[in-house]
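This is what each chain is made of:
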Protein chains: 2
Amino acid sequence: MKRFEAYGWHCEYVEKGDTDLQGIEDAIKRCQDVKDKPSVIKLTTTIGFGSQLQGTGGVHGNPLKADDIKHVKKQFGFDPEQSFVVPQEVYDMYHKTADNGAAAEAEWNKLFEKYASEHKEAHTDLARRLTGKLPEGWQKSLPTYKPTDDAIASRKLSESVLEAIYEAVPELVSGSADLTGSNNTRWKKAVDFQPPNTGIGQWNGRYMRYGVREHAMAAIMNGLAAYGTLIPAGGTFLNFVSYAAGAVRLSALSHQRVLYIATHDSIGLGEDGPTHQPIETLAHFRALPNIMVWRPADGNECSAAYYVALTSRETPSLLALTRQNLPQLEGSTIEKASKGGYVALEQEKADVTLVSTGSEVGICLEAVKTLKDEYQLTARVVSMPCMEVFDAQDKDYRLSVIPDGIPTMSVEVMSTLGWEKYSHEQFGLNRFGASGAYKDVYKKFEFTPEGIAKRAKKTVDFYKDVKPLRSPINRAFLQLI
Amino acid sequence: MKRFEAYGWHCEYVEKGDTDLQGIEDAIKRCQDVKDKPSVIKLTTTIGFGSQLQGTGGVHGNPLKADDIKHVKKQFGFDPEQSFVVPQEVYDMYHKTADNGAAAEAEWNKLFEKYASEHKEAHTDLARRLTGKLPEGWQKSLPTYKPTDDAIASRKLSESVLEAIYEAVPELVSGSADLTGSNNTRWKKAVDFQPPNTGIGQWNGRYMRYGVREHAMAAIMNGLAAYGTLIPAGGTFLNFVSYAAGAVRLSALSHQRVLYIATHDSIGLGEDGPTHQPIETLAHFRALPNIMVWRPADGNECSAAYYVALTSRETPSLLALTRQNLPQLEGSTIEKASKGGYVALEQEKADVTLVSTGSEVGICLEAVKTLKDEYQLTARVVSMPCMEVFDAQDKDYRLSVIPDGIPTMSVEVMSTLGWEKYSHEQFGLNRFGASGAYKDVYKKFEFTPEGIAKRAKKTVDFYKDVKPLRSPINRAFLQLI
């Protein structure tokens with residue numbers, strides 16, 4: 001209780017928690033009167049109260065035996081010989097509760113109609129938000145980019161999306177687990193969600209300061225999404241999303257539209273080193289059902305990630321974003337990237353397909369030149385910002401992106417686990433990273449045009465005699481249950 | 001501080017944490033006098049104290065500018081024009097500290113020699129444990145099984161291993177995150193690690209009651225392993241190892257010999273349902289570098305898992321164990337299973353290879369009969385209890401287990417992510433599970449001899465015309481960096 005007091009909660013204690021029903025009711029009422037803080041009620045109880053095994057661990061994890069069920073029924077004034085009997089008294093009370101609920105709903109509906117006539121705009125907004133639909137045309141606010149635009153880190157691209165859409169999507173609420181300045185999750189005019197008397201925010205503020213509490217952030221976002229009328233987005237480093245794994249799993253299991261803004265998404269984050277550099281994280285969440293893992297390669301892909309994430313009402317999304325700058329790609333559009341995977345560079349009579357995500361797509365495009373100059377090989381490049389969305393496309397489309405007859409090599413600067421699904425060979429990092437400047441670390445592990453070209457050449461040679469060569473996509477069943 | 005008081009800690013507070021060096025020293029001394037509880041010292045400090053940016057977030061995450069470095073040096077009495085200068089006073093103090101250390105070491109060594117003469121056995125044991133080597137011949141205690149032995153749940157097989165080896169391996173300490181009865185982590189004569197005056201344990205007890213605190217358990221085990229002379233093993237449900245993801249990652253990154261005993265390892269756990277049923281967990285930890293993920297199929301494989309885990313001094317291990325009974329396999333031995341993957345059933349002119357782990361290996365072996373009876377197909381079966389150890393075998397061995405020319409289908413009742421590495425087709429569960437009795441849930445998702453045979457037949461048909469068919473093992477590079 002001291003701990004909850006330390007957190008500033010209102011604390012109540014009921015000593016005879018097994019029997020003191022009046023005491024429990026009184027405590028609840030006192031809590032209801034406390035308007036400015038949360039409450040906790042501690043009750044001292046006996047495990048399995050009333051059972052022959054009461055007070056022992058034996059009553060946990062196993063059903064009661066037949067004679068013990070009778071014993072419990074006797075304790076509480078039921079007929080021990082009857083089963084599945086609900087007393088009329090209980091029916092009456094539940095029926096009364098249903099009537100009360102219907103009356104409360106009718107009253108609320110009347111109030112909501114009155115709200116419609118007196119506050120037309122706010123009513124329309126709330127009515128829409130209750131359905132989960134986004135405002136008509138909101139997606140026109142999404143930024144688009146040309147290849148001549150500046151190279152920009154995808155964490156900054158994400159910030160530009162938030163800046164561009166926060167007015168069009170008023171249900172979007174953002175926040176960060178104490179990394180606001182690094183996650184770029186806050187639009188300029190954002191107001192902190194805080195009690196007004198603190199002078200640092202408002203109750204209608206749309207920005208949450210979650211503290212260094214990734215798991216709590218994810219759990220709170222699940223609650224906001226489950227309540228409805230809000231779409232929560234929250235930031236931390238990609239590697240630290242692991243601290244929230246339990247709650248991210250619940251986002252997926254309970255179908256919550258929650259956005260995880262996961263910046264510093266690779267060894268490219270620099271000097272913080274291996275403790276901060278994700279290796280296994282994308283594989284972890286790609287293996288989790290009902291979550292989309294996005295790793296955009298440029299501005300259009302970043303807008304596509306937000307577009308699909310915000311329009312997927314029953315699915316959370318994780319956006320893996322870079323600290324380092326990324327060039328705007330020649331072949332990217334929001335529409336193409338919204339398919340999860342697409343051909344970023346097509347070439348006739350290609351010798352190899354390079355399939356990649358995020359910061360490595362640009363390096364693969366550079367490697368195309370190296371392959372031509374050094375090895376006289378023609379490479380095509382596939383960008384795969386989201387495997388889950390790509391997998392949902394029809395097989396013809398998927399085979400057009402990763403066709404039969406061409407050896408395919410994946411390039412992603414982390415665990416290769418799962419990439420065998422899309423490629424014959426995998427270039428990744430199945431070890432922990434290293435501490436150093438972005439360019440030095442990429443060079444050390446050969447995630448350079450030369451390093452990629454060298455391995456692509458090896459891939460081409462190895463599969464030279466395999467004719468016909470099947471695409472890894474060309475399988476009997478994909479995720480068949 | 002109230003929170004730490006609530007936890008029963010000794011609490012100290014130094015108000016002027018930036019400048020009150022005497023106050024800090026006094027607080028430390030008072031803490032050193034407290035022998036029966038941990039201490040915490042709270043200091044009120046200024047971020048970036050002495051810098052021009054002191055008291056602002058600007059001093060965090062970025063190096064100080066040149067003029068600010070000079071400013072700081074001036075504040076603390078250093079010459080602002082000098083860089084990388086260590087005052088003689090500091091050298092003197094460190095040299096003195098080194099001398100003190102050398103003297104303390106000499107004294108300890110003398111004491112240790114005295115210990116050798118007065119307590120020969122205990123000295124020999126401690127000297128050995130300090131090297132990290134296990135006692136000679138300990139592995140002879142590992143249980144072995146014949147195919148005629150009873151079907152047993154692998155969580156029970158794990159308990160039998162602990163029961164068999166706890167005397168031979170005195171450095172093994174076990175525990176559980178409040179699931180002792182379910183994880184089967186406690187040998188019968190185990191003594192709880194507790195203050196003797198509580199009457200429920202001893203300071204030399206080798207069993208830890210960690211509480212429902214998976215992350216704390218993993219962190220504490222890392223500490224025990226790092227200190228040395230102890231090998232910690234700790235249990236929870238496989239799905240809840242995710243709560244400890246951050247600390248498990250540190251076990252791997254910092255090379256700690258820690259054993260995670262992860263029971264209830266699939267939808268086979270029954271009625272607890274999807275919140276408790278791991279889908280992504282094995283893929284998550286298989287993607288993490290320097291950890292072995294074991295999923296034994298029977299008693300010999302369980303002993304092999306312990307054998308490799310305990311003899312791998314620089315690598316943590318996760319043992320995924322069932323709640324449901326598993327038959328003892330015909331072809332398993334500790335030696336074979338210690339290779340990570342082996343042929344559990346060889347057949348001449350096989351039409352298909354089934355590669356599987358844990359509870360599904362036995363079902364695959366039954367499916368062999370169904371395939372023969374229903375489809376006139378011959379199947380061979382590979383058991384792959386640990387991918388990481390299998391990957392470390394030479395390519396000839398790996399190709400002998402999963403040879404060219406035979407279509408391969410993996411069978412594991414969870415995410416298929418990563419199985420593309422060893423199989424052409426994957427039968428798994430890329431969705432959340434369902435709540436129900438073990439047999440009903442396995443039937444629902446068709447993890448039955450019939451369900452496996454049906455898909456194996458489809459696999460054979462699909463690859464009929466692909467000649468020559470390469471093994472998935474037959475790649476240009478595997479995990480090449």
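Check the entry above for the structure.
These lines cover the structure that appears in this document, whether it is placed above or below.

The rules behind these values
Residues numbered from 1 in each chain as written. Chains lettered and ligands numbered in written order. Predicted model: local features only at pLDDT ≥ 70, side-chain atom pairs only at ≥ 80, totals over all residues. Heavy atoms only, no water. Salt bridge = Lys/Arg side-chain N within 4 Å of Asp/Glu carboxyl O. Helix = DSSP H or I, 4+ residues; strand = E, 2+ residues; numbered from the N terminus. Buried < 20%, exposed > 50% of the residue type's maximum accessible area, 1.4 Å probe, protein only. Contact = heavy atoms within 4.5 Å. Buried area = accessible area lost by both parts, 1.4 Å probe. Axes fitted to C-alpha atoms, helices over the stretch in contact; angles between N-to-C directions. Parallel < 35°, antiparallel > 145°, perpendicular 65-115°, else oblique. Left-handed = near helix turned anticlockwise from the far one by under 90°. Nonpolar A, V, L, I, M, F, W, Y, C, P; charged D, E, K, R; others polar. Patch = residues over 30% accessible without salt bridge, like charges linked within 9 Å, V, L, I, M, F, W, Y side chains within 5 Å. Areas by Shrake-Rupley, 256 points an atom, 1.4 Å probe, with all protein chains shown as cover. Lys, Arg positive; Asp, Glu negative; His and termini not counted. Charge placed at Lys NZ, Arg CZ, Asp CG, Glu CD.

## Examining the pattern of salt bridges
Residue and element names in this part refer to chain A.
Moving on, step 1. Applying the stated rule across the entire model yields 40 salt bridges over all chains.
Moving on, step 2. Taking the shortest distance from any N to any O, the salt bridge between Lys454 and Glu446 comes out at 2.8 Å.
Moving on, step 3. The residue Asp461 makes a salt bridge to Lys457 at a minimum N-O spacing of 3.3 Å. Pair noted here: Asp461 and Lys457 are both in helix α17 (residues 449-462), with a separation of 4 residues, about one helical turn.
Moving on, step 4. Using a relative accessible area of 32% as the deciding quantity, one classes Asp461 as partly exposed.
Moving on, step 5. On the accessibility criterion, Lys457 (26% relative accessible area) is partly exposed.
Moving on, step 6. Salt bridges here are not isolated pairs; linked through shared partners, they connect Asp125, Arg128, Arg129 and Glu171.

## Some remarks on the interface of chain B and chain A
One frequent convention defines the size of an interface as the accessible area lost when the parts assemble.
Moving on, step 1. Each side of the interface is counted separately: chain B has 57 residues, and chain A has 58 residues.
Moving on, step 2. With both chains or domains summed, chain B and chain A bury close to 5400 Å², and 65% of this area falls on carbon and sulfur atoms.
Moving on, step 3. Taken together, the connections running from chain B to chain A amount to 4 salt bridges.
Moving on, step 4. Put simply, Arg249(B) and Glu280(A) hold a salt bridge, and the shortest N to O gap is 2.9 Å.

## Side note on the packing of helix α8 (residues 214-227) of chain B against helix α9 (residues 245-253) of chain B
Residues and elements named next belong to chain B.
Moving on, step 1. At their nearest, the axes of α8 and α9 sit 8 Å apart, and the two run at 20 degrees to each other. By the angle between their directions, the pair α8 and α9 is classed as roughly parallel. For the element pair α8 and α9, the recorded crossing hand is left-handed. Residue-level inspection shows His215, Ala218, Ala219 and Asn222 of α8 in contact with α9, the latter providing Gly246, Ala247, Val248, Leu250 and Ser251.
Moving on, step 2. Taken together, the residues that form the contact of α8 with α9 break down as 5 nonpolar, 4 polar and no charged.

## What to know about a negative patch on the surface
Residues and elements named next belong to chain A.
Moving on, step 1. The grouping of Glu366, Asp373, Glu374 and Glu450 at the surface amounts to a negative patch.
Moving on, step 2. Among the elements that take part in the negative patch, helix α13 (residues 359-375) stands out by supplying 3 residues, more than any other.
Moving on, step 3. Among the secondary structure elements, Glu374 is positioned in helix α13.

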